[in-house]
Amino acid sequence: MSNIVSYEEREKNFDWSISEKELGYKDGDIINIGWYCSDRICEMGKADKLALIWEGLGGVEKKYTFDDIRINSNKFGAFLRGLGIKNEDRICLFMDKIPELYIGFLGVLKIGAIAQPLFSAFGDESLHVRLDNAETTAIITQRKHVGKVRKLLEKSPYLKYVIIVDHDGKKPLKERELTFDMESYEEPKDFEIFPTKAESASVLHYTSGTTGQPKGVKHVHYSLISQYLTTKWVLDLQEDDIYWCTADPGWVTGTSYGIIGCWSLGITQCVLDTGFSATSWYEFIQKRKVTMWYSAPTAIRSLMKAGDEVVKQYDLSSLRHLASVGEPLNSEAVIWSEKVYGIAFQDNYWQTETGSIMIANYPGMKVKPGSMGRPFPGITAAVVDSKTFEPLSEPGKIGLIAFRPGWPAMMRTYWENEETYKSKFKNDWYLPGDRASIDKEGYFWFVGRDDDVINTGGHLVSPFEVESALLEHEAVAESAVVAKPDEVNMEVVKAFVTLKAGYKPDDMLELSIMNFIRKKLSPLAMPQEIEYVDSLPKTRSGKIMRRLLHAKEWGEEIGDTSTLEDDE
Amino acid sequence: MEEMKDEILEYVIDEYIEDEDDEITYDTPLISSGIVDSFSMVSLKRFLEAKYQISIPDEKASPEAFDTVNSIVVLVKEFIG
């Protein structure tokens, strides 16, 4: 039987106190995610249960029990505290999916500091703007990423420590650099967990918007209440499950459901820290006997592309429940997954700001392929008119997705950017910036973004950030960046550029621009296509009309061009 | 053949290797190790097409075909003719 049992019944009788009671939390108590994900599980008699099965390249394996997680996160905490790091200091975790990332995250939380996980493929500029905004005190990283960190040290005076978790002693450390070896570090005696409360800051995840620099989404320890229950009811994790969340903890799914959700439930999870290929993923599921698999549409579509035959070469019979998040899961992928795995991927919807799953398909509930599902019990969701912000009652009518604020994992603000935070609320609704419709049975259907932000492979990329970076390339005079449709990633970045005098468009220049952005920002932000143009369409006031370029890429109506200065 | 191998290896080292101590050979896994991710594979493909004046169809640009310098050379040679 599924954990949720009946969606309808849960919806009728819902209160977040269900989660609070199960976690033994009462209003005003100390609540620390680090403790809930390790110490509490040990106190429940599961100290020897496996918490993490990690596999790297070549099948290298590491295993950690919940007691190992407890001890090692304490080591992280003690080490950081020894450096003088205190509660509310921002500590960046800049690592691949290695055990130190997962365990270090809890260690940071245990001392009341704020964990700032960043995707390790970020280039030095992307890293710098995020550290700068948060005025991060320390960065925990690997030897392979130290080069990027060194590039920004001079302009980051607030960054006191660069902590390297795998230093091999071959090269001398530079200024501000320290080493921390989790395995050999002595277990601290009488380690005290910082008494964080419900509203104490926990995690700072960065997300991109249409304009301006990336925004730091501030979450608090009370988010656990949502993350615990959504994991239990949507992902349906049960005592003997072997769970695989393929998301990287550099992004919110990787922390909310790749660390907090599963470990607060005392569930064993496995992590594969290698690149993607259909064979390596199937082999991993077979070898680890994965039962619950939480992945993303881009990965599912890549597996579809690899074909049905390869699936037959592996024993995937351990799988019992599949879920997906990141961007809308197209109906073809849902139907295909049911055909080849015998179980359909169930889509769910949420975002960095919401902190936990908001709309989902649930075990036992009828799945409508292509739909995001229905709101999680306790979540008031609607589709509202884009001008009046009043709910649209007519089934199938497209409007803005809206949530009534008040669920535990909702962001508390954007770091140092209260104005933008406030702008997300209209008519007492929180607007995540996506458009959808609702059918007669209350299922939500995703339509698209309501702004220019590009959703590529489930990650948001700011066109503004890419355009600004493009202008730093020696050959680029002007740039405009839009989403381009893509079969696997839903959208990819496309750039239109005009060149400075003396530069001629050719393949090598295109490659040079692509690599420039890849290294400066990230592979996700790298334009997959660059189109050279003589001029960019602009309004009379000189603003580049991305809308026009976007419409061209998507074969849509161009609309009103009366303010256009120069139509190409 | 050897020249092409060295050109591609040099490009991979220059563009994708962050830790200069990492030793990369013709057989080092690039995609399955995560050195080159699926997004970056696009720029690697673009390099091969520009450098060797070929066009590699998307269906041929699989993670397996791009996984090592040796496998990339086999792929490129298929299109050089």
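Bear in mind the structure is a predicted one, so any value in this text is a computation, not a measurement.

## Let's talk about the overall build of chain B
Point 1. When helices and strands are counted, chain B shows three helices and zero strands.
Point 2. Along chain B, helices and strands appear, N-terminal first, in the series α-α-α.
Point 3. Computed over C-alpha atoms, the radius of gyration of chain B comes to 12 Å, within 12% of the 12 Å expected from 2.2 N^0.38 for 81 residues, which places it in the range of a compact globule.
Point 4. Taking the principal axes of the C-alpha coordinates as reference, chain B spans close to 35 × 25 × 20 Å.
Point 5. Per-residue burial over chain B gives 30% buried out of 81 residues.

## Describing the overall build of chain A
Point 1. If you tally the helices and strands in chain A, you get 18 helices and 28 strands.
Point 2. Against the 2.2 N^0.38 benchmark of 24 Å for 568 residues, chain A shows a C-alpha radius of gyration of 23 Å, consistent with a compact globule.
Point 3. Here the C-alpha coordinates of chain A stretch approximately 70 × 65 × 50 Å along the principal axes.
Point 4. A buried classification covers 51% of the 568 residues belonging to chain A.
Point 5. Relative to all contacts within chain A whose residues are 6 or more apart in sequence, the contacts with residues 24 or more apart total 68%.

## Looking at the interface of chain A and chain B
Point 1. The partner chain B presents 20 residues to the 25 residues of chain A that form the contact.
Point 2. Residue assignment for the side of chain A that touches chain B shows that the elements contributing at least two residues are α8 (146-152) and α17 (507-520) of chain A.
Point 3. For the side of chain A that touches chain B, the leading source of residues is α17(A), giving seven residues.
Point 4. A class-by-class count of the residues in the side of chain A that touches chain B yields nine nonpolar, eight polar and eight charged.

## Quick word on the packing of α17(A) against helix α2 (residues 40-52) of chain B
Each pair of packed helices can be summarised by the angle the axes make with each other and by the distance between the axes.
Point 1. In contact at an axis separation of 10 Å, α17(A) and α2(B) are set at 160° when each is read in the N-to-C sense. Taken together, the axis directions place α17(A) and α2(B) in an arrangement best described as roughly antiparallel. The way α17(A) lies across α2(B) gives a crossing that is left-handed. Along the contact surface, α17(A) presents Asp507(A), Met508(A), Glu510(A), Leu511(A), Met514(A), Asn515(A) and Arg518(A), while α2(B) presents Ser40(B), Ser43(B), Arg46(B), Phe47(B) and Ala50(B).
Point 2. The residue inventory of the contact of α17(A) with α2(B), partitioned by class, reads five nonpolar, three polar and four charged.

## Notes on the pairing of strand β22 (residues 434-438) of chain A
Residue and element names in this part refer to chain A.
Point 1. Only one face of β22 is covered, namely the one carrying Asp434, Ala436 and Ile438; the face carrying Arg435 and Ser437 has none of its residues buried.
Point 2. Alignment of strand β18 (residues 399-403) against β22, held across two bridges, turns out to be antiparallel. Looking at β22, one finds that leucine 400 is bridged to arginine 435.
Point 3. In the sheet, β22 pairs with strand β23 (residues 444-449) via five bridges, with the strands oriented antiparallel. Bridging across to β23, serine 437 finds its partner in tryptophan 445.
Point 4. Linkage of β22 to β23, two consecutive antiparallel strands, is achieved through a turn of five residues, within which glycine 442 is found at a positive phi near 85°.

## Concerning the nonpolar core
It is characteristic of soluble globular proteins that their nonpolar side chains tend to be buried jointly.
Point 1. Ranked by internal contacts, the top residues of the largest apolar core, which has 131 residues, are Ile91(A), Phe105(A), Val108(A), Ile139(A), Ile140(A), Met358(A) and Ala402(A).
Point 2. Examining the composition of this core, we find that seven residues originate from one element, helix α6 (residues 99-110) of chain A, more than from any other.
Point 3. Discounting chain neighbours no more than four positions away, the residues touching Ile139(A) are Cys92(A), Phe94(A), Val149(A), Leu159(A), Val162(A) and Ile163(A).
Point 4. Counting 45 residues, the second-largest nonpolar core is a separate cluster that includes Phe496(A), Tyr16(B), Ile35(B) and Ile72(B).

## A few points about unusual backbone geometry
All names here are of chain A.
Point 1. Not every positive phi belongs to a glycine, and glutamate 88 is a case in point at roughly 75°.
Point 2. Tracing the chain through its elements places glutamate 88 in the loop between α5 (66-82) and β3 (90-94).
Point 3. In this model, aspartate 190 sits at a positive phi of 50°, which is unusual for a non-glycine residue.
Point 4. Secondary-structure assignment places aspartate 190 in the loop between β7 (177-179) and β8 (201-207).
Point 5. When the 6 C-beta atoms within 10 Å are taken as the criterion, aspartate 190 is described as exposed.

## What to know about the domain arrangement of chain A
The accessible area lost on association of the parts is a frequent measure of interface size.
Residue and element names in this part refer to chain A.
Point 1. Domain parsing of chain A yields domain 1 (7-436) and domain 2 (454-554).
Point 2. Centre-to-centre, using C-alpha coordinates, domain 1 lies 30 Å away from domain 2.
Point 3. Across the boundary between the two partners, domain 1 contributes 23 residues, which contact 21 residues of domain 2.
Point 4. Ranked by the residues each element gives to the side of domain 1 that touches domain 2, the list is headed by helix α12 (residues 297-306), at five residues.
Point 5. Grouping the amino acids of the side of domain 1 that touches domain 2 by side-chain chemistry returns seven nonpolar, eleven polar and five charged.

The rules behind these values
- Residues numbered from 1 in each chain as written.
- Chains lettered and ligands numbered in written order.
- Predicted model: local features only at pLDDT ≥ 70, side-chain atom pairs only at ≥ 80, totals over all residues.
- Helix = DSSP H or I, 4+ residues; strand = E, 2+ residues; numbered from the N terminus.
- Rg over C-alpha atoms; globule rule 2.2 N^0.38 Å.
- Buried ≥ 20, exposed ≤ 12 C-beta atoms within 10 Å, placed from the backbone.
- Contact = placed C-beta atoms within 7 Å.
- Nonpolar A, V, L, I, M, F, W, Y, C, P; charged D, E, K, R; others polar.
- Axes fitted to C-alpha atoms, helices over the stretch in contact; angles between N-to-C directions.
- Parallel < 35°, antiparallel > 145°, perpendicular 65-115°, else oblique.
- Left-handed = near helix turned anticlockwise from the far one by under 90°.
- Pairing = 2+ DSSP bridges.
- Core = buried A, V, L, I, M, F, W, Y, C linked by C-beta atoms within 7 Å.
- Domains from an automatic or database assignment.

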